[in-house]
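Inside the fold
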Amino acid sequence: MNGMWKIVNGRVVTPGGILPQGQVVVAEGRIAEVTERNVELPAGAEVFDAEGCYVAPGCIDAHVHGAAGHDFSEATPEAFRAIARAHALHGTTALYPTIAADAVEVFRRSIRTCEQVMAKPDGGGACIMGLHLEGNYLNPVMKGAQHPDHIYPPKPEEYRELLEGTTCIKRWSAAPELPGALEFGRYASARGVVVSVAHTTADYPAVRRAWEAGFTHATHFYNAMTAVHKEGIYKRGGTVEGIYLTEGMTVEVIADGIHVPADILRLVYRIKGPERVVLVTDALSEACREGEAEGICRRDPRLMIEEGVCKLADGSAIAGSIATGIRLIRTMVREAGCPLSDAVRMAAGTPARIMGISERKGEIRQGLDADLIVFDDDFALRRTMVGGGWIRK
């Protein structure tokens, strides 16, 4: 069991604003008190001096594939834990392992591994909160880097088997225009799964039908979907406009400043607002390595790192990111001009609410899990705490 800590001299980012001289008391893995007054602690309690840095809730990454040379599709406890630890050292305190389009047996193995790791957390990295399946029900026209051999319309016998056999699938991304996709959306959402529009050519009417069928979220907004375009001599709205016009639909953005440029990040923030925008990394296995070396990815020769992002080796598409949690916050503040408190909300509080874990995580508030990050004015991460324990390098 983790002990008692008092974090002092920090600029504490709370739901009500930033406390310039805040203190956070942590006991038994939870936030016991958030205050600006001096709190006397019992003997044996430890003090951490934040030295004027920001103290914020840790990032909750709802879309992440890998890090440190590993991918969640390896479906081993060792890979899951290595990725969770790597991202914790870069600002993420909870995450949803994401499995791209693959053989269904990979999904089954990933489910078993996720259940195993969730049942016996080791405390050495970010908390694993459940799976996100990004496939196989995607539109091949918008496949991006997804493997074409594993893309097809929804199969009721397949998704029913997977969903009836576990409770660890928390998200599922699909193209709503595919045959059978609306039935899939209704079935999965009725089981508490966050169903998300992804890799799609859906126009506004299709997005509305998807919304009514249980699709409430948009996967990597602006990426692998259509925007306003011409059909012959006439302009037609695309998926992007349909999502903007569906007011209640939430979105996630890969806020590395490359997948979505800063001016578009600013637009998404202004239109959807911090309560409907989630920051995600969509990070691949090359993330969280020392430095950002360019060249062919060591784990997948189809991919390469170039200009700070993963691409298909032929240069035809962006394939994923090497972003980290703290980088998402930095990009939104420095490049998109977003207030720090809102950037933190989009990285922590909003994903917690959308994923149904806000009673446990996402804010610095009494009673919630002590998942905290400490970073300076340059967005250099100083420390990460998960469940009341500091993550050691």
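Structural data are supplied above this passage.
Residues numbered from 1 in each chain as written. Predicted model: local features only at pLDDT ≥ 70, side-chain atom pairs only at ≥ 80, totals over all residues. Heavy atoms only, no water.

**Considerations on the environment of serine 341**
Short version of the rule: Where helices and strands are cited, they refer to DSSP runs of H or I of at least four residues and of E of at least two residues respectively, numbered from the N terminus.
Positionally, serine 341 belongs in helix H9 (residues 340-354). The spacing of serine 341 and proline 205 is 136 residues in sequence and 35 Å in space, taken between C-alpha atoms.

**Some remarks on the pairing of strand E5 (residues 54-57)**
Basically, it comes down to this: Two strands pair if DSSP finds at least two bridges between them.
In this structure, strand E1 (residues 5-14) lies alongside E5, joined through two bridges in parallel fashion. The partner of valine 12 across the bridge, within E5, is valine 55.

**Looking at the side chain of threonine 14**
What counts is decided by this rule: Any pair of N or O atoms that falls within 3.5 Å is considered a polar contact. Within protein, one atom must be able to donate a hydrogen and the other to accept it, and sequence-neighbouring residues count only if both atoms are side-chain atoms. By definition in these notes, contact holds between two residues if any of their heavy atoms fall within 4.5 Å.
On the secondary structure map, threonine 14 appears in strand E1. For threonine 14, the side chain forms a polar contact with the main-chain oxygen of glycine 17, separated by 2.6 Å. Residues in contact with threonine 14, not counting those within four places in the same chain, are Leu19, Val34 and Ile364.

**A closer look at helix H7 (residues 262-272)**
What counts is decided by this rule: Remark: exposure states derive from per-residue accessible area (1.4 Å probe, protein chains only) relative to the maximum for the residue type, with buried under 20%, exposed over 50%, and partly exposed in between. Directions pointing from the helix axis toward each C-beta atom define the arc.
Every buried residue belonging to H7 is among Ala262, Leu265, Val268, Tyr269 and Lys272, and all of these are buried. Seen along its axis, H7 keeps its buried residues to an arc of 115°; they face one direction. On its buried face, H7 is in contact with helix H6 (239-245), strand E17 (250-254), strand E18 (277-280), helix H8 (325-335) and H9. A positive phi of about 80° marks glycine 273, the residue just after H7.

**A look at the pattern of salt bridges**
For the record, the criterion: Here a salt bridge means any side-chain nitrogen of Lys or Arg lying within 4 Å of a carboxyl oxygen belonging to Asp or Glu.
Under the defined criterion, the tally for this structure stands at 20 salt bridges. One salt bridge in this structure joins arginine 37 and glutamate 33, with 2.7 Å as the shortest N-O distance. Assessed through its relative accessible area of 48%, arginine 37 is described here as partly exposed. Across the pair arginine 81 and aspartate 122 runs a salt bridge whose closest N-O atoms are separated by 3.7 Å. Pair noted here: arginine 81 is in helix H1 (residues 77-88) and aspartate 122 is in the loop between helix H2 (104-119) and strand E10 (127-128), with a separation of 41 residues, a long-range link. Overall, arginine 81 belongs to the partly exposed group, its relative accessible area being 28%.

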